[in-house]
Amino acid sequence: GESVGLHLPTLSVQEGDNSIINCAYSNSASDYFIWYKQESGKGPQFIIDIRSNMDKRQGQRVTVLLNKTVKHLSLQIAATQPGDSAVYFCAEGMRFGAGTRLTVKP
Amino acid sequence: EPEVTQTPSHQVTQMGQEVILRCVPISNHLYFYWYRQILGQKVEFLVSFYNNEISEKSEIFDDQFSVERPDGSNFTLKIRSTKLEDSAMYFCASRGQARDTGELFFGEGSRLTVL
């Protein structure tokens, strides 16, 4: 069946470095994607979204890139901070992928 | 800042018992959702609700589950006869815009433990 998934379950980066979290999706008809951040013991928090008619969208310190040709989505976090440590989920519409745990080392 | 609130924060129940989880969505939102997250796993979509009826549900949302908006503010998830595998964190979410797009606001979750 159709699914949304993550390339890596964990990612560790040094404070101040840029982070890139990847996501693959299988439904070529998908037209709306969202990245969520989930801190320990909390509910998911919306970070940024992108529609399929766009390739790139930027927010505050975050950028989402969409490559429809290879059905790949990425979240880039600039100058990663300790407060960015969390699990990051990509979602296609209402359905979440498996999540990547980002750990920021001081 | 408006937020989605959920009660209880933690409920422990015996297998076979009925459980009702409650949510108060953001007041001017029109679309409501329930998700669950088994410990350490991904967030799984259960059901979406709009205009007093279910608009979409997943394969997880079987006859043991039901949702209701009994008044103008609450949105509830009922599990009729709980099973051990229903133990999870249940998240309510709401959205003000179209059903499938726009920011989804999540509550802090209700942890259900079935013994």
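Structure: see above.
Notes on the structure follow. This one's a predicted model, so the numbers in the text were calculated from it and none came from an experiment. (Residues numbered from 1 in each chain as written. Chains lettered and ligands numbered in written order. Predicted model: local features only at pLDDT ≥ 70, side-chain atom pairs only at ≥ 80, totals over all residues. Heavy atoms only, no water.)

1. Observations regarding the interface of chain B and chain A
The partner chain A presents 17 residues to the 22 residues of chain B that form the contact. Regarding the contact of chain B and chain A, the summed buried area is about 1500 Å², with carbon and sulfur atoms giving 56% of it. On the chain B side of the contact with chain A, Lys42, Val43 and Phe106 of chain B bury the most area, a combined 28% of that side's loss. Connecting chain B to chain A are one salt bridge. (Contact = heavy atoms within 4.5 Å. Buried area = accessible area lost by both parts, 1.4 Å probe. Salt bridge = Lys/Arg side-chain N within 4 Å of Asp/Glu carboxyl O.)

2. Focus on the pairing of strand S11 (residues 100-105) of chain A
Along any regular strand, the residues point their side chains to alternate faces of the sheet. Residues and elements named next belong to chain A. The two faces of S11 differ: Thr100, Leu102 and Val104 on one face are buried, but Arg101, Thr103 and Lys105 on the other face are not. By the bridge criterion, three bridges tie strand S9 (residues 86-92) to S11 in an arrangement that is antiparallel. Bridged to Ala86 within S11 is Leu102. (Buried < 20%, exposed > 50% of the residue type's maximum accessible area, 1.4 Å probe, protein only. Helix = DSSP H or I, 4+ residues; strand = E, 2+ residues; numbered from the N terminus. Pairing = 2+ DSSP bridges.)

3. Here we look at the side chain of Ser48 of chain B
Inspection of the secondary structure assignment puts Ser48 of chain B in strand S5 (residues 44-50). For Ser48 of chain B, the side chain forms a polar contact with the side chain of Ser55 of chain B, separated by 2.9 Å. (Polar contact = N/O pair within 3.5 Å; in protein donor to acceptor, adjacent residues only side chain to side chain.)

4. Regarding the sheet that holds strand S8 (residues 75-79) of chain B
Residue and element names in this part refer to chain B. In space, the four strands of this open sheet follow the order S1-S3-S8-S7, with antiparallel pairing throughout. The sheet terminates laterally at strand S1 (5-7) and strand S7 (65-68), the two strands that pair on one side only. The sheet shows a mean angle of 20 degrees between the axes of neighbouring strands, direction not considered. Direction of pairing for S7 relative to S8: antiparallel, over a ladder of four bridges. Residue Glu68 lies in a different strand from S8, and its bridge partner there is Thr76. (Axes fitted to C-alpha atoms, helices over the stretch in contact; angles between N-to-C directions.)

The values reported here are purely geometric and, on their own, carry no functional implication.
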